[in-house]
Amino acid sequence: MRQCLAEVRRWIGEDANRAERAAKFMYSLAGTDFLPEAVFGFEPYSLDDHFYLALSGIYGTPHEALARLQEWLDKHSFSN
């Protein structure tokens, strides 16, 4: 999974639209055998919320949401 996360990180690059889709995908995997809470924490549940709040004009910007996702992916991925 960590290799997969590295691929997702490369795929999104600086594209906020791709990042939002990736964040929704992380949410769908949160708490499953693919992203167990004990290993990846609870943050995958909230990554897509940052995009929702930013795009709704409630809190933050899409760039900040992108940066949070990138940070999380960098923390939890590795590449060969």
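Conventions we followed
- Residues numbered from 1 in each chain as written.
- Predicted model: local features only at pLDDT ≥ 70, side-chain atom pairs only at ≥ 80, totals over all residues.
- Heavy atoms only, no water.
- Helix = DSSP H or I, 4+ residues; strand = E, 2+ residues; numbered from the N terminus.
- Rg over C-alpha atoms; globule rule 2.2 N^0.38 Å.
- Buried < 20%, exposed > 50% of the residue type's maximum accessible area, 1.4 Å probe, protein only.
- Expected span 1.5 Å × (residues − 1).
- Arc of directions from axis to C-beta.
- Contact = heavy atoms within 4.5 Å.
- Phe/Tyr/Trp six-rings, centres within 6.5 Å; stacked < 30°, edge-to-face > 60°.

1. Concerning the overall build of the protein
Link 1 in the chain: Across its full length, the protein holds 5 helices and 0 strands.
Link 2 in the chain: Reading the secondary structure of the protein in the N-to-C direction produces α-α-α-α-α.
Link 3 in the chain: The C-alpha atoms of the protein give 12 Å as radius of gyration, which agrees with the globular expectation for 80 residues (12 Å, within 12%).
Link 4 in the chain: Considered along the principal axes of its C-alpha atoms, the protein spans approximately 35 × 25 × 15 Å.
Link 5 in the chain: Taking all 80 residues of the protein together, the buried fraction comes to 32%.

2. Details of helix α2 (residues 16-29)
Link 1 in the chain: In this model α2 runs 20 Å from its N-terminal to its C-terminal C-alpha over 14 residues, within 8% of the 20 Å that 1.5 Å per residue would give.
Link 2 in the chain: Those residues of α2 that sit buried are A19, A22, A23, M26 and L29. Taken end-on, α2 shows its buried residues confined to a sector of 120°, consistent with a single buried face. In this structure, α2 carries N17 and R21 as exposed residues pointing more than 90 degrees from its buried face.
Link 3 in the chain: Looking at the buried positions of α2, the neighbouring elements they touch are α1 (2-12), α4 (47-55) and α5 (62-76).

3. Here's the deal with the packing of aromatic side chains
Link 1 in the chain: According to the stated counting rule, one finds 2 aromatic pairs in the structure shown.
Link 2 in the chain: Aromatic pair Y27 and Y45: ring centres 6.1 Å apart, planes at 80°, arrangement edge-to-face. Highlighted residues: Y27 in helix α2 and Y45 in the loop between α3 (37-40) and α4, separated in sequence by 18 residues.
Link 3 in the chain: Overall, the relative accessible area of 29% leaves Y45 in the partly exposed class.
Link 4 in the chain: Judged by centre distance (6.2 Å) and plane angle (50°), the rings of F40 and W72 are tilted. Remark: W72 occurs in helix α5 and F40 occurs in helix α3; sequence separation between them is 32 residues.
Link 5 in the chain: A relative accessible area of 2% places W72 in the buried class.

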